[in-house]
Structures are given as C-alpha cells and as structure tokens.
Amino acid sequence: MSTLVIVESPTKARTIRNYLPKDYRVEASMGHVRDLPQSASEIPATVKGEAWAQLGVNVDADFEPVYVVPKDKKKVVTQLKEALKDADELILATDEDREGESISWHLYQLLKPKVPTKRMVFHEITQEAIKKALKDCRNIDEQLVRAQETRRILDRLVGYTLSPLLWKKIAWGLSAGRVQSVAVRLLVNKERQRRAFHEGTYWDLKAYLEQSKSPFTAQLTTLAGTKVATGSDFDPSTGRITAGRNVVLLSETEAVALQERLTGKTWNVSEVEERPVTRKPAPPFTTSTLQQESNRKLRLSARDTMRIAQNLYEQGYITYMRTDSVHLSEQAIAAARNCVEQLYGKQYLSPQPRQYTTKSKGAQEAHEAIRPAGSTFRTPQETGLGGRELALYDLIWKRTVACQMADSRQTQITVQLQVEDAGFRASGKRIDFPGYLRAYVEGSDDPEAALEDQEVILPSLKVGDHPDCKNIEAVGHETQPPARYTEATLVKTLESEGIGRPSTYASIIGTIIDKGYSQLVNNALIPTFTAFAVTDLLEKHFPDIVDPSFTSKMEQTLDDIAEGEAQWLPYLKKFYLGDQGLETLVRERESQIDAGKARTVELENLDAKVRIGKYGPYIEVENGDSVVTASIPKDLTPADLDPKQVEIILRQKTVGPDQLGRHPETGEPIYVKIGAYGPYVQLGDKSDENPKPKQASLPKGVTPENISLETAIGLLSLPRTLGTHPATGGKIQASLGRFGPYVVHDQGKEGKDYRSLKASDDVLTISLERALELISEPKKTRGSTSSKSKAALRELGTHPEDDAPINIYDGPYGPYIKHGKTNVGLPEGTSVEDVTLATAIELLSAKASTAKTTRKTSKTSTTKSKSTAKSSSAATKKKGA
C-alpha cells in the first residue's frame with residue numbers, strides 16, 4: 001500500500017520524509033494551489049461579463065467565490081494529480097492553523113481523490129510528533145475552512161471596493177485594506193501628535209558625590225519643599241506646565257544661581273529606603289512577541305522574522321511559528337528544566353514547573369508556544385545553524401529556557417539627601433540573585449553584560465551621613481515628541497487592540513511600506529503625505545473602516561464563525577449589501593468626494609497647500625496671479641514640514657538656490673540646494689559644457705541654515721585620499737555614502753573593504769591612522785548586532801568543481817545565490833527554502849554561460865560594426881570618385 005502525503009513546501013517535505021515509512025511519498029503544494037483571481041486575465045470567460053466579476057466573488061449569489069488555479073501553480077497541480085494516481089491513500093499534512101486547513105480543503109477540492117483521505121496535523125517536525133500525528137489523523141475541519149474563507153472574502157470586498165475609489169480620487173496604485181488601513185491610521189495619528197507637539201525646556205541639577213571614597217550621583221527633586229518640574233509635567237500641546245501642577249520650573253539662570261548657592265554647603269542623608277523586588281520571567285514566545293523581540297534585539301522586520309522562523313520550523317528546529325498560545329507541553333517544560341539544571345545549576349530552576357495561560361480569547365488553534373522542537377532542546381551551538389537562523393533560534397531557545405528559571409531577586413535603593421532647602425535623590429539597584437536573567441534579558445543580546453548594566457551600586461549610606469560633594473552641574477532638558485512606531489510597537493498595538501491576526505502582521509507592514517504609505521528610517525515607521533491623504537479620505541467618508549474598535553469587533557465575529565457561534569452569510573450580507581453596507585456607501589459617496597480636496601493634505605499651522613501628484617507630494621502656494629509648485633523632498637516628513645521649510649523649498653524654486661560663496665581654486669559658485677532626497681551642495685552651474693556639476697549631500701547634523709563655505713568645499717572635495725595601507729599598498733579614502741560617512745580600503749582584485757565612521761569621527765578631518773584603526777576592526781553587517789561578517793541566509797554546500805561554498809545572502813534587491821564572485825538572483829516565485837544545492841549549481845552555470853555568450857556577442861557585434869564601417873567608408877569613396 002502506498003500513501004501520498006502533501007505538505008506546503010519542499011523544505012518541509014524533505015524534513016518530514018525522514019520520519020515516514022518507505023512506502024510514503026511526500027510532495028509539496030508550494031503554498032496555496034487556488035485563490036480568487038488576482039487580475040482581469042485570470043477571471044474565467046464564463047463570468048467576465050458579470051458586474052461582480054472584478055471582485056472574484058458573486059455578491060448576488062450568496063457570496064460564492066470564484067476560485068482559479070494561478071498560472072505558476074498549474075504545473076504543481078498536474079504533478080500532484082499524477083502522484084495521486086499511484087497512491088492508495090492521501091494524507092493532507094499542511095500547517096495546523098486556519099490557513100493550513102484552507103490549503104488542505106482546496107487541495108481536496110482540486111484533486112478530487114477517489115482513495116481514502118485523511119488530515120494530519122502536528123506542532124513540530126520531529127520523529128515522535130510525526131508518528132503520533134499519523135495515529136491521530138482526522139477529517140478536514142469545515143468550520144475552520146469556512147471561517148478562513150469568510151476572512152478571505154471580506155478582505156477582498158474591502159480591498160477591491162475601496163482601492164479603485166482611491167485610484168480615482170487620489171493616485172493610481174493605492175490600496176485599502178481591512179487591517180492595513182487601520183494600521184496606516186495609527187501611524188498617521190502618531191505623526192499628527194508630533195506635528196501638534198510643542199517643545200518645553202526645563203533645568204535641574206546633578207550632583208557628583210562621594211562617601212568613603214565611593215562615588216555616586218544624585219538628582220535635584222525638590223526646592224523649598226516643592227517638586228522640581230520634569231518632562232512629565234509639561235502639556236505636549238502647549239509646551240508649558242500642565243494646568244494645576246504645583247511644581248517649580250527652573251530656567252537656566254535660576255539653575256546656575258542655585259548651583260552656585262549650594263556649592264560648598266553641607267549635604268545630609270535624610271532617608272534611606274531599601275525595597276525588595278521580585279521579577280518573573282516572560283512567557284515563551286507567541287507569533288506577536290517573537291516579531292516584537294526580534295525587531296528590538298536583532299533589528300529583523302516582521303516579514304524576515306516569519307520567513308526565518310518558517311524555515312526553522314520546516315527543518316525541524318522549532319515548533320509551529322503561527323500561534324497566539326503561551327502554553328507549553330509537559331515534554332517542553334521537562335526539556336527546558338533539564339537545560340536549566342545542566343547549564344546553570346539546580347539553584348536556577350523555578351521551584352515548581354511554570355505553566356502559562358493564554359489570555360487572548362481569539363487565540364489561534366495552534367496549541368503551544370513557539371519553542372525549540374523535540375523532547376530535548378538542542379543548544380544553539382549544537383544546531384550547526386548560522387547567520388540569522390542561528391540568531392533567531394538562539395532567541396527562542398533562551399526565552400523558552402528562561403521561562404522555567406527562578407525569579408530574579410533585586411533590591412531597589414532610594415536615598416534622599418538635603419542641602420539647605422534643596423532635596424536630591426540617589427537611586428540604586430542591587431541584583432541579589434539574577435535567576436532567569438542569567439539566560440535572558442529582554443532587549444539585550446548579552447545577558448551577562450545586561451546584568452552589569454542593570455545594577456547601580458550605591459555606597460553604604462545611612463541617615464545622618466554627610467557625603468562630600470565634588471561637583472554640581474546645571475543640566476538643561478527639552479521635552480521630546482511622542483516616539484514614532486517601530487515594527488515592534490506597531491505589532492504590539494495591533495495585538496492589544498485586537499486588530500487582525502499576528503500571523504498577518506508581517507505581510508501588512510510589508511504592504512504599508514511597499515505601497516508608499518510609510519518609510520522605514522532608523523527602525524521607525526514614518527507615514528508619508530500619501531498616507532495622510534488616504535487616511536483623511538477614509539476618516540471622513542468611511543470612518544468604520546479605519547476605526548480600531550469596529551475592526552476589532554469584525555475580528556471577533558470571524559473568530560465566532562470559526563467556533564460556530566456566528567453565521568458567515570448573514571454577516572457578509574449585512575457588511576456589504578445592507579443599507580449601510582460598504583457597496584452602498586461607496587456608491588453614494590463617490591460623487592460627493594472632490595478629487596482636488598482628496599489629493600490635498602490638511603496640515604495645521606501651514607498656509608501652503610500640500611497635494612498628492614502623479615510624481616509624489618508637492619507644495620502649492622499662490623504668488624500673485626500665478627501658482628507656484630515645488631516637490632517635497634522624500635526625506636522631509638509630515639511632522640517636520642513647517643512654514644520655514646516651505647519657505648526654503650519655494651525660495652529655491654522662485655529665486656533659485658542660495659549661493660554660499662565661490663570655490664577658492666576654481667572661482668565657481670557653490671550653491672545649497674534641496675532635491676528629492678534632501679539638501680545638498682553643488683559646485684558650479686549646469687550647462688552644455690558642464691551637464692553634471694559636482695554635488696554632495698549634507699551629512700547628519702548639517703543643515704542648509706548652518707552649513708559654512710568651508711564645510712561645503714570639504715564635502716565637494718570628497719572622496720579624500722588619506723594615504724595607502726602599509727600592508728597592501730592599497731589606497732585609503734574617506735567619503736560620504738547612502739548610509740553615511742565611511743572609509744574604504746581598495747584591495748585591488750579582492751575588492752573594496754568599507755567601514756562606517758563612528759559618531760565622534762569627522763569625514764572631513766579623519767586621519768590615515770584613525771582610518772586604519774577602523775579598517776582593522778571586524779566588519780559589521782548592516783542591521784545586525786553582531787560584529788561578524790555578513791551572514792548567509794542559508795549555506796547550501798560546496799561547488800563540485802572548486803569546493804568553494806555556495807550560500808544564499810540577503811541583498812538590496814532580494815535574496816541571491818553566491819559562489820566566489822558570481823551572484824545570481826532567485827527566480828521569481830522561488831523562496832530561499834526551496835533552493836537546493838543542485839538548483840543553485842544549475843542557476844550559477846546558466847549565469848556563467850549567459851555572461852560568456854554576452855561577451856562573445858558583444859565582441860562579434862564590435863567586429864561587425866568595424867567591418868560595416870569599413871564597407872561604408874569604401875562605398876562612400878567609390879561613390880565620390
């Protein structure tokens with residue numbers, strides 16, 4: 001008897017094959033094999049003329065979906081049908097969540113098997129788990145399938161009904177989405193808060209004290225019995241102290257005067273308080289918390305986190321990575337406790353096994369948290385993993401092990417000091433027993449270093465002591481605007497509001513960035529002017545679509561459908577076809593929405609109009625009888641666009657760029673300009689003789705207002721040659737690039753070795769000695785926290801011809817295969833996990849032969865050109881003779 005097992009990916013197929021009997025054949029469906037039509041060309045001819053055809057859902061016939069097999073999946077489906085012909089049994093072993101259930105259902109509908117069919121689910125790919133799953137097969141869960149189908153239909157109705165409206169009223173190519181639009185609104189609201197923010201300034205004192213030759217610091221907290229103002233006392237909308245707060249606001253003059261008055265006076269310890277604090281470890285990872293922590297610690301996007309986690313799961317290293325559950329099986333708890341005892345000792349074990357309870361009502365069907373797979377946990381060093389796979393596995397391993405460790409016991413120490421009428425406070429923290437912090441500290445890569453950073457040791461102080469004051473410093477502070485969302489904080493907010501599902505957050509954030517609603521700058525998600533325009537339109541005309549509570553209720557209804565507590569069809573009818581349904585609203589509102597107004601972004605305290613144009617956002621102001629327009633630089637955010645910035649942009653358009661002066665050597669004018677990517681300096685005027693004048697971007701901290709002629713000349717002189725490398729004789733240069741200032745060592749055939757400058761270095765003055773020092777340091781991968789060279793996404797093996805490694809790396813245009821100096825991109829639709837060593841060798845070989853052919857063709861073309869030129873010349877001579 002032969003059995004066909006179908007999973008989603010080749011990686012999963014390869015892993016699961018190891019744990020099944022020999023007469024089991026495992027094939028991959030390559031994800032979904034059917035979906036709603038993605039384009040007009042995919043709509044079946046039989047329904048093309050229908051009014052609802054573009055939706056792919058027959059809203060007139062109980063929302064019947066039209067499913068099609070995409071072009072790139074037809075070959076896969078044919079192969080699966082052929083494989084099924086030789087099978088006596090079919091097992092559908094796709095993932096255990098709603099998405100996986102849906103894939104199994106679609107496979108069943110397409111393949112129409114005539115042999116017994118079972119549904120197999122498992123939470124991890126280990127021998128024990130697969131054997132158990134084979135014994136416990138079940139039928140496809142129709143309720144889960146229906147819930148997933150309803151979700152898919154709902155997303156299609158929202159996206160395909162609202163998006164065309166945005167194309168007509170704002171700009172082509174925009175999209176709206178059930179969860180996406182709420183997420184964009186969150187970003188926009190945060191940016192609105194930053195625009196409305198008014199900075200406040202306050203001063204206080206910092207004292208440097210010593211007791212028994214042990215130094216410590218203390219901060220001013222009260223003056224004449226009244227609290228001294230801190231940042232939390234300010235109203236962000238006014239920049240002034242919040243009404244009703246009884247606090248002392250010190251100016252710089254008052255702070256300096258107080259500093260002078262207290263210098264040389266006697267200090268007295270008035271109170272010492274020691275408070276024991278116990279901290280418990282965090283629960284093991286869910287999808288959401290894994291995305292948050294990997295973004296904080298590893299600087300990985302939600303999309304990258306899920307892709308790497310999927311690969312780890314399919315290779316059998318971790319349990320299923322799409323889950324809202326924090327529950328751990330008895331097997332997992334035992335494995336974690338065994339790790340603790342072996343690596344840290346019995347004293348670091350929690351007295352009793354810890355079990356965590358999932359609080360979320362709509363938790364996914366996956367019944368366990370994300371953890372290392374198996375009944376014994378491999379340490380990160382034992383896995384043989386590398387690069388980002390190792391980093392993510394290490395994170396999951398540490399979090400899981402730490403959750404079974406003892407509490408951390410700490411002592412918080414607060415010392416109140418008095419000098420004349422001024423009250424100061426010194427705070428300390430002592431870690432009495434690190435407990436779980438030995439293995440895992442949130443937001444830190446190195447637990448041991450983090451423990452040291454967390455401790456603030458104060459000398460032994462008691463009431464009545466008179467510590468010596470070595471110095472008092474007056475310190476100025478400015479209140480800060482609300483922090484923008486990072487991927488981690490956005491994921492946390494979406495989850496806490498009950499918006500969407502953690503398994504979809506990665507694709508949602510990816511879409512927001514890809515569609516131009518947000519830029520990712522220094523890990524912050526900054527909304528664009530287009531995001532403002534779209535949010536404004538949806539808030540005014542379709543408020544429910546961007547209302548977090550409405551979207552949360554919608555999510556709850558979808559969960560209720562999955563549980564059988566709600567009916568899917570009445571819900572869809574009410575949402576889309578009712579008197580206040582989406583279709584009705586769009587039809588009514590379309591004529592009411594003025595495209596000119598919709599393309600205009602309303603910003604407070606700004607007389608100029610900001611409009612969304614075909615080529616991006618621009619400023620528009622009336623200038624007498626005419627209208628002046630100017631593009632807004634891409635790096636200028638909505639929160640930073642103020643009247644001063646508008647004036648600079650418009651002045652450049654109407655008057656021309658500001659001239660700083662002339663170059664001392666050439667006499668050419670030096671201009672300060674603002675382009676699409678921000679401010680820059682330019683040497684000379686553009687002309688036929690000089691079509692590309694030399695330009696240089698302004699470095700961080702240098703603005704059009706404060707740049708000097710000397711700095712501009714220095715920037716235009718880049719790259720600076722500093723000298724040669726003593727070992728190689730290669731040229732060492734300093735310059736400015738896309739990611740900031742850097743030094744580079746030209747190693748000839750071996751390529752160029754780059755290092756970014758530190759904050760204390762100046763690209764215009766850095767010396768050869770300092771450059772050599774930076775180049776000697778281990779190279780850091782951009783976006784990584786380790787100082788190792790760029791890590792491979794996957795190591796495939798070695799090339800049979802030269803034994804050189806063949807690896808897959810992440811590049812600016814996506815993943816690529818590298819062998820020696822040959823790079824080749826992955827074919828469209830191929831994931832990192834799908835590539836085998838044989839496939840890679842084939843692609844590299846094809847690239848090499850193409851390169852040879854290109855060179856040969858180029859050479860032939862050159863020869864032909866010369867020949868043609870000779871013939872032409874001869875013909876001309878003959879004709880003229």
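See the structure shown above.
About the cut-offs
- Residues numbered from 1 in each chain as written.
- Predicted model: local features only at pLDDT ≥ 70, side-chain atom pairs only at ≥ 80, totals over all residues.
- Heavy atoms only, no water.
- Helix = DSSP H or I, 4+ residues; strand = E, 2+ residues; numbered from the N terminus.
- Buried < 20%, exposed > 50% of the residue type's maximum accessible area, 1.4 Å probe, protein only.
- Contact = heavy atoms within 4.5 Å.
- Areas by Shrake-Rupley, 256 points an atom, 1.4 Å probe, with all protein chains shown as cover.
- Lys, Arg positive; Asp, Glu negative; His and termini not counted.
- Charge placed at Lys NZ, Arg CZ, Asp CG, Glu CD.
- Core = buried A, V, L, I, M, F, W, Y, C linked by side-chain atoms within 4.5 Å.
- Salt bridge = Lys/Arg side-chain N within 4 Å of Asp/Glu carboxyl O.
- Expected span 1.5 Å × (residues − 1).
- Pairing = 2+ DSSP bridges.
- Axes fitted to C-alpha atoms, helices over the stretch in contact; angles between N-to-C directions.
- Disulfide = S-S within 2.5 Å.
- Parallel < 35°, antiparallel > 145°, perpendicular 65-115°, else oblique.
- Nonpolar A, V, L, I, M, F, W, Y, C, P; charged D, E, K, R; others polar.
- Phe/Tyr/Trp six-rings, centres within 6.5 Å; stacked < 30°, edge-to-face > 60°.
- Lys NZ or Arg CZ within 6 Å of the ring centre and 35° of its normal.
- Arc of directions from axis to C-beta.

## Remarks on the overall build of the protein
Point 1. Counting its secondary structure elements, the protein contains 24 helices and 33 strands.
Point 2. Reported as C-alpha extents along the three principal axes, the dimensions of the protein are approximately 105 × 95 × 70 Å.
Point 3. Relative to its 881 residues, the protein shows a buried fraction of 48%.
Point 4. A separation threshold of at least 6 residues defines the contact pool for the protein, and within that pool the share at least 24 residues apart is 66%.
Point 5. Of the roughly 44,900 Å² that the protein leaves accessible, carbon and sulfur atoms contribute 49%.
Point 6. Each charge class in the protein can be summarised by its mean position, and for the 119 positive and 117 negative side chains these summaries are 6 Å apart.

## A few points about the nonpolar core
Point 1. Core analysis: the biggest nonpolar cluster contains 146 residues, and Phe63, Leu162, Ile170, Ile318, Leu392, Phe542 and Leu641 have the highest contact counts within it.
Point 2. A per-element tally of this core places helix H5 (residues 142-169) first, with nine residues.
Point 3. Ignoring sequence-local partners within four residues, the contact set of phenylalanine 63 consists of Val57, Asn58, Ile153, Leu157, Trp568, Leu569, Leu572, Lys573, Tyr576 and Leu577.
Point 4. In terms of nonpolar packing, the next biggest core, distinct from the first, is built from 25 residues, Leu205, Phe424, Ala426 and Leu461 among them.

## A few points about the pattern of salt bridges
Point 1. Tallied over the entire structure, the rule returns 45 salt bridges.
Point 2. Residue arginine 430 pairs with glutamate 274 through a salt bridge whose shortest N-O separation is 3.6 Å. Here glutamate 274 lies in strand S12 (residues 268-279) and arginine 430 lies in strand S14 (residues 422-433), a separation of 156 residues in the sequence.
Point 3. Owing to a relative accessible area of 30%, arginine 430 belongs among the partly exposed residues under this scheme.
Point 4. Relative accessible area serves as the criterion here: at 48%, glutamate 274 is assigned to the partly exposed category.

## Section: helix H10 (residues 330-343)
Point 1. Compared with the 20 Å implied by 1.5 Å per residue over 14 residues, the 20 Å span of H10 between its first and last C-alpha is a close match.
Point 2. Among all positions of H10, only Ala332, Ile333, Ala335, Ala336, Arg337, Cys339 and Val340 are buried.
Point 3. Buried residues belonging to H10 abut helix H12 (387-402).
Point 4. After H10 finishes, the residue glycine 345 shows a positive phi value of roughly 100°.

## What to know about the sheet that holds strand S5 (residues 89-92)
Point 1. Reading across the sheet, the four strands line up as S2-S1-S5-S6 and stay open at both edges, with parallel pairing between neighbours. The strands lining the two open edges of the sheet, one partner per strand, are strand S2 (24-28) and strand S6 (117-119). Geometrically, the sheet is characterised by an average inter-axis angle of 20° between neighbouring strands, direction not taken into account.
Point 2. Across five bridges, the pairing between strand S1 (residues 3-7) and S2 is parallel. Looking at S2, one finds that valine 7 is bridged to alanine 28.

## A look at unusual backbone geometry
Point 1. Cis geometry marks the peptide bond from leucine 718 to proline 719; its omega dihedral reads 0°.
Point 2. Relative to the helices and strands, proline 719 is located in the loop between helix H22 (709-716) and strand S26 (720-724).
Point 3. Positive phi outside glycine occurs at asparagine 605, with the angle close to 60°.
Point 4. Classification of asparagine 605 by relative accessible area gives exposed; the value is 61%.

## Re the pairing of strand S16 (residues 518-521)
Point 1. Where S16 and strand S17 (residues 524-527) come together, four bridges link them in antiparallel fashion. Of the residues in S17, the one forming a bridge with glutamine 519 is isoleucine 526.
Point 2. What sits between the antiparallel neighbours S16 and S17 is a turn of two residues, in which asparagine 522 has the positive phi angle 50°.

## Things to note about the sheet that holds S26
Point 1. On the basis of which strands lie adjacent, the open sheet formed by four strands has the order S26-S27-S28-S29 and antiparallel pairing. Of all the strands in the sheet, just S26 and strand S29 (752-756) have a single pairing partner and so form its edges. Within the sheet, the average angular offset between the axes of one strand and its neighbour, ignoring direction, is 25°.
Point 2. Helix H23 (residues 768-776) contacts S26, strand S27 (731-737), strand S28 (740-746) and S29 of the sheet and is inclined by roughly 85° relative to S28.

## What to know about the environment of glutamate 478
Point 1. Residue position: glutamate 478 is located in strand S15 (residues 468-478).
Point 2. Residue classification places glutamate 478 among the partly exposed positions, given a relative accessible area of 47%.
Point 3. For the pair glutamate 478 and isoleucine 130, spaced 348 residues apart in the sequence, the C-alpha separation amounts to 59 Å.
Point 4. In this structure, glutamate 478 is in contact with Glu199, Gly200 and Thr201, ignoring residues within four places of it in sequence.

## Side note on the state of the cysteines
Point 1. Taken as a whole and assessed by the stated rule, the structure comprises zero disulfides.
Point 2. You can see cysteine 339 has no disulfide; the closest cysteine sulfur is in cysteine 403, sitting 11 Å from it.

## Describing the environment of glutamate 341
Point 1. Position of glutamate 341 relative to the elements: it lies in helix H10.
Point 2. Since its relative accessible area comes to 35%, glutamate 341 is described here as partly exposed.
Point 3. Each C-alpha atom of the pair glutamate 341 and methionine 405 lies 9.2 Å from the other, and the pair is 64 residues apart in sequence.
Point 4. Those residues in contact with glutamate 341, other than ones at most four positions away along the chain, are Lys346 and Leu349.

## Quick word on the packing of H5 against helix H18 (residues 568-577)
If you want to describe how two helices pack, look at the angle between their axes and the distance between the axes.
Point 1. One can describe the packing of H5 onto H18 by two numbers: an axis separation of 11 Å at closest approach and a directional angle of 10°. If you check the angle between H5 and H18, you find them roughly parallel. Residue-level inspection shows Arg146, Thr150, Ile153, Leu154, Leu157, Val158 and Thr161 of H5 in contact with H18, the latter providing Trp568, Tyr571, Leu572, Phe575 and Tyr576.
Point 2. Class assignment for the residues of the contact of H5 with H18 results in nine nonpolar, two polar and one charged.

## Considerations on the packing of aromatic side chains
Point 1. Evaluation of the coordinates by the stated rule reveals 11 aromatic pairs.
Point 2. These aromatic residues form a ring-pair network of at least three members: Tyr344, Tyr348 and Phe433.
Point 3. Here arginine 156 stacks its cationic end above the ring of tyrosine 160, 3.8 Å away from the centre of that ring.
Point 4. Lysine 297 extends its terminal NZ or CZ atom over the ring of tyrosine 440, reaching a point 3.9 Å from the ring centre.

## Focus on H23
Point 1. Taken together, the buried positions of H23 are occupied by Arg770, Ala771, Leu774 and Ile775. With its buried residues spanning 135° around the axis, H23 presents them on a single face. Facing away from the buried side of H23, by more than 90 degrees, are the exposed residues Glu769 and Ser776.
Point 2. Turning to H23, the residues buried within the fold contact S26, S27, S28 and S29.

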